[in-house]
Amino acid sequence: MELSKNYIPGEVETKWYKHWVDNGYFHSEPNEKKAYTVVIPPPNVTGVLHMGHCLNNTIQDILVRRARMQGFNPCWVPGTDHASIATEAKVVAMLRERGIAKSSLSRDEFLGYAWEWKEKYGGIILQQLRKMGCSLDWERTSFTMDPAYYESVIKVFVDLYNKGKIYRGKRMINWDVRAKTALSDEEVIHKEVNGKIYHLKYKLDVPGEEYITIATVRPETILGDSAICVHPDDARYTHLVGKFAFVPLINRRIPIIADDYVEIEFGTGALKVTPAHDMNDFQLGQKYNLEIIDTMNDDGTMSEAAQLYIGQDRIEVRKPIIKDLEAAGNLVKIEDYVHQVGFSERTDAIVEPRLSLQWWVDMKQLAAPALDVVMSDEISFHPAKFKNVYRHWMENIKDWCISRQLWWGHRIPAWYDEDGKVYVEASIEKVNEKYPETKGKTLTQDSDCLDTWFSSWLWPIEVFKGMSNPGNAEINYYYPTSTLVTAPEIIFFWVARMIMAGEEYMGKIPFKDVYFTGIVRDKQGRKMSKSLGNSPDLLGLIDQYGADAVRFGIMIASPAGNDLLFDDSTIEQGKNFNNKLWNATKLLKMWEARQNNEGAIPEDAAFAMDWFQAKLSATQIQVDEMLKTFRLSEALKTIYGLFWDDYCSWYLEWIKPGFEQPIHQGVYERTLEFYDALLQLLHPFMPFITEEIHHTLKTQSEDLCIKAYTAPTHVDESVLKAGELLQNVISTLRDARNKNQIKPKDTIELHIQTELDAPYKTIQNILAKQVNAASIKYTTAAIGSSIVVALEKDKFYIVADQAIDTVSLKENLLKDLAHQQGFLVSVDKKLGNEKFVQNAKPEVLAIEQKKKADALARIQTIEESLAQL
RNA sequence: GGGAGCAUAGCUCAGUUGGUUUAGAGCACCUCGUUUACACCGAGGGGGUCCGCGGUUCGAACCCGUGUGCUCCCA
């Protein structure tokens, strides 16, 4: 079979993905094996794959594929989230394009369009995960609005309501004026904004005093002012407390009050109080029983209550109101001011604090057990630093606003009678059943939906029907799940709440380990975003480089616990690695065609095999340890080095037969086994090419993807040391050849002066081949007119046709000598220190003494070599 | 304003309880090289006052204090 010059990923990847799925390798059913369960963080149903998903799902696939090869029964559940605000916004936009206004539709008509949209575009992201090679159990695909899931969400709402953990209350909430809905605190993004601070004077209702000046960044809200507040200790204003002032332009008379909430140093020390439009002002309003004047409509325009600018957007009103204030003589000055402004995570609209009647979850009780399981490491966070972040949030937790003024989502199961009395049950029939007095009355269901996260917090439970069919065989087998892989950004939105739901409804943690990925940034460290346009086209990259190369590139650049700075160059590196793997395969295929099995395995090849076996086993153990502790990037680097350097650059060169010579069958077969073991190690990271090569090497009875790992053998440390010595000698001699400008094809004669020649004799064939020596001889005396190189206690004499450059030779030796002497000084300093000798552990002392002896020996060797020049 | 974290080679990072030959890797860089797996390659090489300052210790990249710079989370 003729293999292509370079590896071509496209068809290979399509072929193997289909093969794996057709054979049901990714499907799991409960069995006698141990489960390894992972639930995907469900992407938005309308989403398309981006770099964050790529990182996140590659990591999950690595863990899952590894578990499969380790003999677990892995189950990785795919699915999507209905994403209420995001999806509703997209559907509204789509309808607008078609000339349909949401307000012209009934709820049912709108939901019809929304479902239509979901069916059409909802699956795209799941298709894209297939391209990446993700070994998801497609038969278990879930959606947070599947009928049973929907019912479970409602069931949880009713249950928490009955337990008194859900209540309805009028509070200040974050209002998204674009989506016209409430938001939870977590959905508000605070950004620094360059704004202005306006100093405005209010006329006083005090004889002899003209004005009091306040400072505000939001002049448009003065129309809702109901007081002015100063600090009780502020001497400038004490005489005004209890008096009144007039709101400019509308001349409303408002009281001047005192409270130590006010910062004396800030602005003018006098604060205007607008209880309807500021969280803190609202608190003050409650405390002093101030009037709440809501001057804003739900779309952010000024309301009737504002009296002026009615119907104009509150942000746009800022210009005219300042003009009018200036004209009226109320404007004192305007200064530049940088401050924090809240934006909606979903629509990017400036969020308005607003007083509103909403549904809330009482978080205090739910948080306590969820905090314990993390602090006690029953659930382990990786990296552990997120424990602190988690604790801080959980200890200062606020109630969760769960109602959203949207239609796409789980509708709140609350009904109101004509008197406004509320009944919470799963359906109107159940309301009638439980409250017979409601029969015949007109009941109206709450029109709001639940926050998306109120459904996703059940994800690890309900994908196994643990809520709709409690105690079924699957939930018992798969729950708790093993590892959750997610972005740190949703630690509060999702991770914390899943732990709460797990404790509340299963009485158990939902997962053992949580691995927080980094955030994908561009080369300059900026977060990837649509608006910056710095997000690469993932599918384009896969088409260009292949999924394996993309997976390699993103993983090699992802240090555990850090953000990853994405750059094409690591994907390029991945592609080069593919080719390296491919070329090694080509070499083995050439050898396959030319084997013999006469006689015993040559001594040098036997040494090479023993050495690589030891190296392989040592690395297998190392990689295992790294993966256990979620150091995935390091594990990949280690495997990369094992293949490229140890296997290709050293081992294959050591066993390589001479020109047109056959290879011993025993060596060939062992070499093939080594390669397959390497492919096993690499498979979780780069599944496609490894499966392809596994089958290219020879006819296999089993696919790599489900093949059990070969266990490491005992690691022979002395063989590892011997290999290291060989590598050292080779590198040193090659360096000497280079520096003396001996051309690679020119042969040399090598003479070794050593007290112990046995170790060299085992490896001398390899050594001769690697440094292109025509002969290797052992000597007890110096060899004249040669290049001399000192290594450890031994000396190597290179005899070549080349003229010897004594000057540079001497230079090198002197440089080495200086280094060794410097080193000796530092060791001597330590050993000469009485306190060190007294206090250091015996083994440390022994090491220092050995260092000294070695240094002395080397200095002697170098000095002897210098003397011979 | 409150909290968390980071600072090691040009870049991205390792460096396990302080002692493992006067600090390691990958990429980038420099020199040489198309001998039949691979130039998407091979061989070799250069490159660091471990952010500054002080302290603890026989001994500090590592522990403590402090300064500076950066990042993130919360309000």
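Structural data are supplied above this passage.
Residues numbered from 1 in each chain as written. Chains lettered and ligands numbered in written order. Predicted model: local features only at pLDDT ≥ 70, side-chain atom pairs only at ≥ 80, totals over all residues. Heavy atoms only, no water.

### Section: the pattern of salt bridges
Item 1. Taken as a whole, this structure holds 44 salt bridges when the rule is applied.
Item 2. As a salt-bridge pair, Arg66 and Asp624 come within 2.4 Å of each other at their nearest N and O atoms. You can see Arg66 sitting in helix α2 (residues 51–69) and its partner Asp624 sitting in helix α19 (residues 603–628), a full 558 residues away along the chain.
Item 3. Across the pair Asp159 and Lys163 runs a salt bridge whose closest N-O atoms are separated by 2.8 Å.
Item 4. A relative accessible area of 25% means that Asp159 is categorised as partly exposed.
Item 5. Classification of Lys163 as partly exposed rests on a relative accessible area of 40%. (Salt bridge = Lys/Arg side-chain N within 4 Å of Asp/Glu carboxyl O. Helix = DSSP H or I, 4+ residues; strand = E, 2+ residues; numbered from the N terminus. Buried < 20%, exposed > 50% of the residue type's maximum accessible area, 1.4 Å probe, protein only.)

### Remarks on the side chain of His382
Item 1. Looking at the secondary structure, you find His382 in strand β15 (residues 380–382).
Item 2. Assessed through its relative accessible area of 18%, His382 is described here as buried.
Item 3. A polar atom in the side chain of His382 sits 2.8 Å from the side chain of Asp513.
Item 4. In this structure His382 touches Asp513, Val514, Tyr515, Phe516 and Phe630, once residues within four positions along its chain are discounted. (Polar contact = N/O pair within 3.5 Å; in protein donor to acceptor, adjacent residues only side chain to side chain. Contact = heavy atoms within 4.5 Å.)

### Regarding unusual backbone geometry
Item 1. Cis geometry marks the peptide bond from His382 to Pro383; its omega dihedral reads -5°.
Item 2. Mapped onto the elements, Pro383 comes out in the loop between β15 and α10 (386–395).
Item 3. The omega angle of the peptide bond from Tyr479 to Pro480 is 0°, so this bond is cis rather than trans.
Item 4. By the secondary structure assignment, Pro480 is in the loop between α14 (473–478) and β22 (481–486).
Item 5. A positive phi angle is found at Lys180, which is not glycine, with a value near 55°.
Item 6. Along the chain, the position of Lys180 falls in the loop between β5 (166–176) and β6 (181–183).
Item 7. Even without being a glycine, Leu249 presents a positive backbone phi close to 70°.

### Concerning the protein's contact with RNA strand B
Item 1. Close to RNA strand B lie 44 residues, the nearest being Asn579, Trp644, Phe659, Asn833 and Asp854.
Item 2. Sugar plus phosphate, as a fraction of atoms of RNA strand B within 4 Å of the protein: 54%.
Item 3. Within the side chain of Asn583, a nitrogen or oxygen atom sits 3.1 Å from a sugar or linking oxygen of RNA strand B.
Item 4. Contacts to RNA strand B include Ala584, whose backbone N or O atom sits 3.4 Å from a base nitrogen.
Item 5. Every element with two or more residues in the surface near RNA strand B is listed here: α18 (568–592), α20 (632–655), α23 (717–739), α25 (806–832), α26 (834–839) and α27 (842–868).
Item 6. With 10 residues, α18 is the single largest residue contributor to the surface near RNA strand B. (Near = heavy atom within 4 Å.)

### A closer look at the packing of helix α16 (residues 538–545) against helix α17 (residues 547–556)
The packing of two helices is summarised by the inter-axis angle and the distance between the axes.
Item 1. Two numbers describe how α16 lies on α17: the axes approach to 7 Å, and their chain directions differ by 115°. Across the interface between the two elements, Leu538, Leu541, Ile542 and Tyr545 from α16 touch Ala547, Ala549 and Val550 from α17.
Item 2. Here the residues of the contact of α16 with α17 sort into seven nonpolar, no polar and no charged. (Axes fitted to C-alpha atoms, helices over the stretch in contact; angles between N-to-C directions. Nonpolar A, V, L, I, M, F, W, Y, C, P; charged D, E, K, R; others polar.)

### Focus: the sheet that holds β22
Item 1. Taken in spatial order, the three strands line up as β15-β23-β22 in an open sheet, and their pairing is parallel. Both edges of this open sheet fall to β15 and β22, since each of them pairs with a single strand only. For this sheet the average axis-to-axis angle between neighbouring strands, irrespective of direction, equals 15°.
Item 2. Pairing analysis gives five bridges linking β22 to strand β23 (residues 511–516), with the strands arranged parallel. Pairing of Thr483 across the sheet is with Asp513, part of β23. (Pairing = 2+ DSSP bridges.)

### Topic: the state of the cysteines
Item 1. Evaluated as defined, the whole model comprises zero disulfides.
Item 2. No disulfide involves Cys449; its nearest neighbouring cysteine sulfur is the one of Cys401, lying 13 Å away. (Disulfide = S-S within 2.5 Å.)

### A word on α20
Item 1. Considering bend angle alone, the principal kink of α20 is centred on Tyr647 and spans about 40°.
Item 2. Extensive coverage of α20 is indicated by the burial of 18 of its 24 residues. (Bend = angle between axes of the 7 residues up to and from the residue.)

### Some words on the environment of Phe492
Item 1. By the element assignment, Phe492 lies in helix α15 (residues 491–505).
Item 2. Remark: the alpha-carbon pair of Phe492 and Tyr390, spanning 102 residues in sequence, is separated by 7.6 Å.
Item 3. Each residue touching Phe492, except ones within four places of it in the same chain, is listed here: Glu186, Val389, Tyr390, Trp393 and Arg497.

### Examining the packing of aromatic side chains
Item 1. Applying the stated criterion across every chain, the model contains 45 aromatic pairs.
Item 2. Summarising the aromatic geometry, the rings of Tyr423 and Tyr435 are spaced 5.0 Å apart at their centres and angled 55° between planes, so their arrangement reads as tilted. Here Tyr435 lies in the loop between α11 (428–434) and β20 (444–445) and Tyr423 lies in strand β19 (residues 422–424), a separation of 12 residues in the sequence.
Item 3. Considering the side-chain rings of Trp650 and Trp654, the 5.8 Å spacing of their centres and the 50° angle between planes classify their relative orientation as tilted. Placement of both Trp650 and Trp654 in helix α20 is noted, with a separation of four residues, approximately one turn of the helix.
Item 4. Residue Trp650 is classed as buried on the basis of its relative accessible area, which comes to 15%.
Item 5. Its end group placed over the ring of Phe143, Lys118 keeps NZ or CZ at 4.2 Å from the ring centre.
Item 6. One residue, Lys201, lies across the ring of Tyr211, its end atom 4.5 Å from the ring centre. (Phe/Tyr/Trp six-rings, centres within 6.5 Å; stacked < 30°, edge-to-face > 60°. Lys NZ or Arg CZ within 6 Å of the ring centre and 35° of its normal.)

### Some details on the pairing of strand β11 (residues 253–258)
Item 1. With three bridges joining them, strand β9 (residues 227–230) and β11 adopt parallel strand pairing. If you follow Ile228 over to β11, its bridge partner there is Ile256.
Item 2. With three bridges connecting them, strand β10 (residues 244–246) and β11 associate as antiparallel partners. Each residue of the ladder has a partner; that of Phe244, found in β11, is Pro255.
Item 3. Adjacent in sequence and paired antiparallel, β10 and β11 are bridged by six residues, among which Leu249 carries a positive phi angle near 70°.

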